[in-house]
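Observations on chain architecture
Listed here are the chains, written in short residue letters.
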Amino acid sequence: MPRPHRRLASTCIGTVTAGLLATGAALAAPEKEQPKGSDIAMGAFLDSGQTGVARIPHLSRWLGGKEIRVGHTYLPGDRWARIENPDFLEAWAQWRQAKPDRLFVLNVPMQQHNEDHVPDREVARLIRAGAEGEFDHHFERLAHRLVELGVPDTVIVLGWEMNGATYTHRCAPDPEGWKEYWNRIVNTMRSVPGQEFKFDFAPNRGSDAIGWTKCYPGDDVVDIVGMDSYDQAPGRTFDEMVSQPYGLQQHVDFARAHGKEISYPEWGLFRHGDNPVYVQRMLKWIEQHKPLYHTITDYCPHGVWQCKQNPRSAKAFRAALAPERPGPVIPTPVVPTPVIPTPVVPTPVIPTPVVPTPSIPTPEIPVPSPVVPSPQIPVPVPSPETPSTSPSPSPSPVPEPAPVPVPEPVPVPSPAVPSPEVPVPVPVPVPVSPEPVEPSPQVPAPESPSPEPVPDPVPSPAVPSPQTPQDPSPSPDPVPVPEPSPVLPPVPVVPKPEPTDPPANITEWCVPINFGEWLSKLVGKQSVCVKIDWGKDSGFWPW
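Overview of the structure.

So, how was this worked out
Residues numbered from 1 in each chain as written. Predicted model: local features only at pLDDT ≥ 70, side-chain atom pairs only at ≥ 80, totals over all residues. Heavy atoms only, no water. Axes fitted to C-alpha atoms, helices over the stretch in contact; angles between N-to-C directions. Helix = DSSP H or I, 4+ residues; strand = E, 2+ residues; numbered from the N terminus. Parallel < 35°, antiparallel > 145°, perpendicular 65-115°, else oblique. Left-handed = near helix turned anticlockwise from the far one by under 90°. Contact = heavy atoms within 4.5 Å. Nonpolar A, V, L, I, M, F, W, Y, C, P; charged D, E, K, R; others polar. Salt bridge = Lys/Arg side-chain N within 4 Å of Asp/Glu carboxyl O. Buried < 20%, exposed > 50% of the residue type's maximum accessible area, 1.4 Å probe, protein only. Pairing = 2+ DSSP bridges. Core = buried A, V, L, I, M, F, W, Y, C linked by side-chain atoms within 4.5 Å. Lys, Arg positive; Asp, Glu negative; His and termini not counted.

Axis angle and axis distance: for two packed helices, these are the angle between their axes and the distance between the axes, and together they describe the pair. Their axes nearest at 8 Å, the elements helix 6 (residues 136-148) and helix 7 (residues 175-190) cross at an angle of 40°. Looking at the two axes, helix 6 sits oblique to helix 7. As helix 6 packs across helix 7, the resulting crossing turns out to be right-handed. Across the interface between the two elements, Asp136, Phe139, Glu140, Leu142 and Ala143 of helix 6 pack against Tyr181, Arg184, Ile185, Thr188 and Met189 of helix 7. By residue class, the composition of the contact of helix 6 with helix 7 is six nonpolar, one polar and three charged.

Set out below in structure tokens:
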């Protein structure tokens, strides 16, 4: 059994060992991953003036309702008067005052004509003038204006990208004089009562025209160490942007060494085009190193919301900051689809043109009524007219060759068709007959008093029509002449038994035709007479 003091020592050793293990486990445990779109103050440069303020809520909706906590704008660097008191500061001040956790970030140039490509010699002269206090009053007026507007805690990005070669407020022509000038501006603005300004020292990533650490003005006049980092050289990949001299890693290390917060006032796409990998890596870097704020430059070619030429990067940006938003947005275009069936409504209009078709049969209705009775006329065929009463003088030359083509027995069954034409050939025998005296039977017109009962012509109205050609004038005008019909004596139609031999004395056969009530009113009652050749060669008789 072990001694008590040994048990106590063992217990103490075990307790210390357990404590060391727990401490090591805590140190070895990975840092708890921040959720996507964490509460780091985020914003975007959307426009310098009031338009930039108005676009902030639209960007927030695009990001699924993510709160935009940073309002970022730039003072115009053309003239001192517009650096001291620009006309759009009031709108930004109102936006900042609406919520206490918002940040108003203002880029302030150190010289007028800031983008006029002033040469290095002139820049060096201006730096010395500023270090001697020549421009102090401009910055004092600006400080008073910001305090009056109620934004005394404005983050002032003074002389940004000073390590570059673009702006008139650059550092490379006189780094030592530049640091003195920075100190003079900061002290002047801090001297204004009520101010709470924070000054952000924000160079370009990389060495550029000069290593940015050579322009650092001192910890007492710098509150934040920022960096502008676009997707461009130096560095082809994001890893190179991190590890290069004066790159992202050196920026973080420098700020930590000087006890300063970091920021990314400007970042975005540039030389490498639509690059979602850069966007994803930059947002991950921001989540990892927790800057005070970051703002993406959102206009082409840098942006993701207002610049439509970077769709893949825009998708990556939204997925990182508002992953729940992209899903519900897709179904909204589906709403217009019900509109497609509506064009089907006009289709019932198509059958309406079919309505006029019934008008076609209407003209055919009267045609069958007159045609039907006409073929029934041949039924009384056996009643040929007595040639003795016929006034035609042609019985002596019975088989005249001239009439042969006219009275073909075949057309007899359809007298309705030739009826108007029959009277035309009848006058032909009149000039041929040698006995012009025979027409004298028309002279007995005086005897017409005996058949004066006009009703007699009614039963045989067709008889007078062939008699019309017997008029002394051979003109074939019988159709419009109704006068001869009452003049002629009523000729009784004697039905004759069917002849066994061809009667030599019958040369003409007249048959009354009933055209029907409708057609008779138009044409009048008529009869058709046909010259008949009873010769054996005619083929009419069976024997």
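This part takes up the pattern of salt bridges. Close approach of charged atoms allows side chains of opposite charge to pair. Under the criterion given, the structure shown has 17 salt bridges. Notably, a salt bridge pairs aspartate 120 with arginine 170, separated by 2.7 Å at the nearest N-O pair. On the criterion of sequence distance, the pair formed by aspartate 120 in helix 5 (residues 120-131) and arginine 170 in the loop between strand 4 (155-158) and helix 7 is long-range, its members being 50 residues apart. A salt bridge links glutamate 122 to arginine 125, with the nearest nitrogen and oxygen atoms 2.8 Å apart.

A separate point is the pairing of strand 1 (residues 41-45). Within strand 1, five of the five residues are buried, which leaves it mostly tucked inside the rest of the structure. By the alternation rule, side chains of strand 1 split into Ala41, Gly43 and Phe45 and Met42 and Ala44, which are all buried. The sheet contact formed by strand 1 and strand 9 (residues 293-297) spans five bridges and is parallel. Its bridge partner being in strand 9, alanine 44 is matched across the sheet by isoleucine 296. When strand 1 meets strand 2 (residues 70-74), the two strands line up parallel, connected through two bridges. Bridging from a neighbouring strand, alanine 44 pairs with glycine 71 of strand 2.

All right, on to the nonpolar core then. Counting residues in hydrophobic clusters, the biggest one holds 85 residues, and the most contacted among them are Trp182, Tyr264 and Phe317. When sequence neighbours within four positions are dropped, the list of residues in contact with tryptophan 182 reads Met110, Leu158, Phe199, Asp200, Phe201, Pro217, Val221 and Val222. By size, the runner-up hydrophobic cluster in this structure holds 13 residues, among which are Tyr74, Val157, Tyr167 and Ala202.

This paragraph deals with the side chain of aspartate 228. As for its position among the elements, aspartate 228 is in the loop between strand 6 (224-226) and strand 7 (229-230). Arginine 205 is the oppositely charged side chain nearest to the buried, salt-bridge-free aspartate 228, at an N-O distance of 10 Å. Aside from chain neighbours lying at most four places away, what touches aspartate 228 is Trp160, Glu161, Ala202, Pro203, Asn204, Arg205, Pro265 and Glu266.

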